[in-house]
Amino acid sequence: MRDMIAKLLDSVFPRCCPACDVRLAAPQASFCELCAVGCLGPEPGCDVCGLPMAADPASQRCGGCLVKRPMLRRTRWAAEYGGAVQTAIQRFKYRRRTDVLDGLLSLGLPDTALVDVVMPVPLHWRRRLVRGFNQAALIARRVGSRQRVPVDCSALSRFRATLPQARLSEAGRAENVRGAFRVDAPGRVRGRRVLLVDDVVTTGATANECARVLKQAGATSVDLWSIARAL
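Source: prediction; values computed, not measured.

Novice: Go over the overall build of the protein, please, and point to the residues and values.
Specialist: Scanning the protein from N- to C-terminus turns up nine helices and six strands. In the protein, which comprises 231 residues, the proportion classed as buried is 43%. If you take every contact in the protein between residues at least 6 apart in sequence, the share linking residues at least 24 apart comes to 73%. As presented, the protein carries roughly 12200 Å² of accessible surface, and 54% of it is formed by carbon and sulfur atoms.

Novice: I'd love a proper account of helix 9 (residues 205-216), names of residues and values included.
Specialist: Between its first and last C-alpha atoms helix 9 spans 17 Å; for 12 residues at 1.5 Å apiece the expected length is 16 Å, and the two agree. Taken residue by residue, helix 9 has Ala205, Thr206, Ala207, Glu209, Cys210, Ala211, Val213 and Leu214 as its buried positions. Phi turns positive, to about 115°, at glycine 218, one or two residues after helix 9.

Novice: Let's hear about the pattern of salt bridges: which residues, and what values?
Specialist: Taken as a whole and judged by the stated rule, the model has 13 salt bridges. Residues arginine 182 and aspartate 184 are paired through a salt bridge, measuring 3.1 Å at the closest nitrogen-oxygen approach. A relative accessible area of 42% means that arginine 182 is categorised as partly exposed. For aspartate 184, a relative accessible area of 42% gives the class partly exposed. One salt-bridge network, held together by shared partners, links Asp21, Arg91, Arg97 and Asp99.

Novice: Talk me through the sheet that holds strand 5 (residues 193-201); I want residue IDs and the actual numbers.
Specialist: One open sheet accounts for four strands, arranged 1-6-5-2; its pairing is parallel. Of all the strands in the sheet, the pair left with one neighbour each is strand 1 (74-80) and strand 2 (117-120). The sheet shows a mean angle of 25° between the axes of neighbouring strands, direction not considered. Two elements, strand 1 and strand 6 (residues 221-229), share six bridges in a ladder whose sense is parallel. Of the residues in strand 6, the one forming a bridge with threonine 75 is leucine 224. Of the strands in this sheet, strand 2, strand 5 and strand 6 touch helix 7 (residues 135-147), which is tilted by about 125° from strand 5.

About the cut-offs
Residues numbered from 1 in each chain as written. Predicted model: local features only at pLDDT ≥ 70, side-chain atom pairs only at ≥ 80, totals over all residues. Heavy atoms only, no water. Helix = DSSP H or I, 4+ residues; strand = E, 2+ residues; numbered from the N terminus. Buried < 20%, exposed > 50% of the residue type's maximum accessible area, 1.4 Å probe, protein only. Contact = heavy atoms within 4.5 Å. Areas by Shrake-Rupley, 256 points an atom, 1.4 Å probe, with all protein chains shown as cover. Expected span 1.5 Å × (residues − 1). Salt bridge = Lys/Arg side-chain N within 4 Å of Asp/Glu carboxyl O. Pairing = 2+ DSSP bridges. Axes fitted to C-alpha atoms, helices over the stretch in contact; angles between N-to-C directions.

Don't take any of this as a statement about function, it's just geometry.
Written as structure tokens, this is what we have:
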């Protein structure tokens, strides 16, 4: 019955490429054939930060995570940020093309076997007002619905506005977000394994600061998953 409904919906509302709006020839495809050429998936890498680099064979951690382990237990993503993936995310994020989200999520979903709740990386209310929505919250709700995991979009908040991370160095990014987040509902965090979700991760400084305050509030672990990662 579900397959019949899916075929009916596809005939009425055909799926289109999230990057260029060309109708998809294959229903299961994420992007059209031309755009799919530039969609690169993650490579095997560090068990903690996920970066594709040489890992210590005994621990499966990269040198950076061996020296200073992040607050995050692990970081994963569906695709590399660039090409058609970058185009689709920018359409979703800045042009409010929420219709392309399903195509982006078809690139891959997080493993939620070891988490209790999904939370979005918070957006400051001023930026949310300008943008019209928090893209991470929408992603979190879709992931939670598909993976059948509870979603909490209000336990963690960003109470201090920060500069756009793209303008800053790696060290500057960490300093920029330090003290910008708080847990407003510790009882909904304590003893839980949290999965943070976002659209794009670069250095992970924002998510790492989120993880720090979540663990201070009693979270047992914090993982990070994003649609894309800028490498």
